[in-house]
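Observations on the model geometry
Here are the chains, one letter per residue:
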Amino acid sequence: MKVIRNINNNVALCIDSKGKEVIVFGKGIGFSKVPCEIPLNKIERTFYDLDNQYISLLNDLSSESLKIADIVVNYAIEKLNCELNSNLIFNIADHIDFAIERYRKNIKMSLSIFNDIEHLYDAEMEVGKYALDVIYNVARVRLPEEEAACIALNIINSEYNLHK
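Description of the structure in this document. Quick caveat: nothing in here was measured; it's all calculated off a predicted structure.

In total, this model carries seven salt bridges according to the counting rule given. A salt bridge links glutamate 147 to arginine 102; its shortest N-O distance comes to 2.2 Å. Of this pair, glutamate 147 sits in helix 6 (residues 146-160) while arginine 102 sits in helix 3 (residues 88-104), and the two are 45 residues apart along the sequence. In this structure glutamate 147 comes out as buried when scored by relative accessible area, which is 4%. Lysine 129 serves as the salt-bridge partner of glutamate 118, at 3.1 Å between the closest nitrogen and oxygen. In this pair, glutamate 118 is assigned in helix 4 (residues 114-120) and lysine 129 in helix 5 (residues 122-139), connecting sequence segments eleven residues apart. Judged by its relative accessible area of 32%, lysine 129 is partly exposed.

Pasting the structure below:
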């Protein structure tokens, strides 16, 4: 895999053997001088056909929130037993970064549809609650339960937008 642009320490834009652009995740792959070849065994995850808006967003996302989002999305796929839009990891990572920022600034949020989400989408809500535990374990930030519903909404939208 040929790295053509480093995005951060653990993320790079690459060209695969067929000439297609791909975003790759892997510990320390963004430290290499561009252009360079990286062995496939260093790549932990790949993303093809990523919207350009997400590529630019990667510059702003913390590696911690990407790690959390990766764990949560993998759990969601297993728990919900379905495919999810490949952009979900970036949506959740962006949400986590912003939620942690709000928390640290003591900005409170109210979600009027919280009970509706909890009642209508119990499996997605369970994933959202799982995400709060992962956020606490990785970032040591205990976010309010409303954030679980926001993460559930991201998952619901991902299920709906899978084939768009």
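There's more to say after this.
According to the stated counting rule, one finds four aromatic pairs in the structure shown. When the ring of phenylalanine 25 is compared with that of phenylalanine 90, the centres are 6.1 Å apart and the planes differ by 50°; the resulting orientation is tilted. In this pair, phenylalanine 25 sits in strand 3 (residues 21-25) while phenylalanine 90 sits in helix 3, placing the two residues 65 residues apart along the sequence. Taken together, the ring pairs connect Phe25, Phe47 and Phe90 into an aromatic cluster. One Lys or Arg, arginine 140, reaches over the ring of tyrosine 136 and ends 5.0 Å from the middle of that ring. In this structure, arginine 142 is placed above the aromatic ring of tyrosine 136, and the distance from its NZ or CZ to the ring centre is 4.5 Å.

Rules behind the numbers
Residues numbered from 1 in each chain as written. Predicted model: local features only at pLDDT ≥ 70, side-chain atom pairs only at ≥ 80, totals over all residues. Heavy atoms only, no water. Salt bridge = Lys/Arg side-chain N within 4 Å of Asp/Glu carboxyl O. Helix = DSSP H or I, 4+ residues; strand = E, 2+ residues; numbered from the N terminus. Buried < 20%, exposed > 50% of the residue type's maximum accessible area, 1.4 Å probe, protein only. Phe/Tyr/Trp six-rings, centres within 6.5 Å; stacked < 30°, edge-to-face > 60°. Lys NZ or Arg CZ within 6 Å of the ring centre and 35° of its normal.

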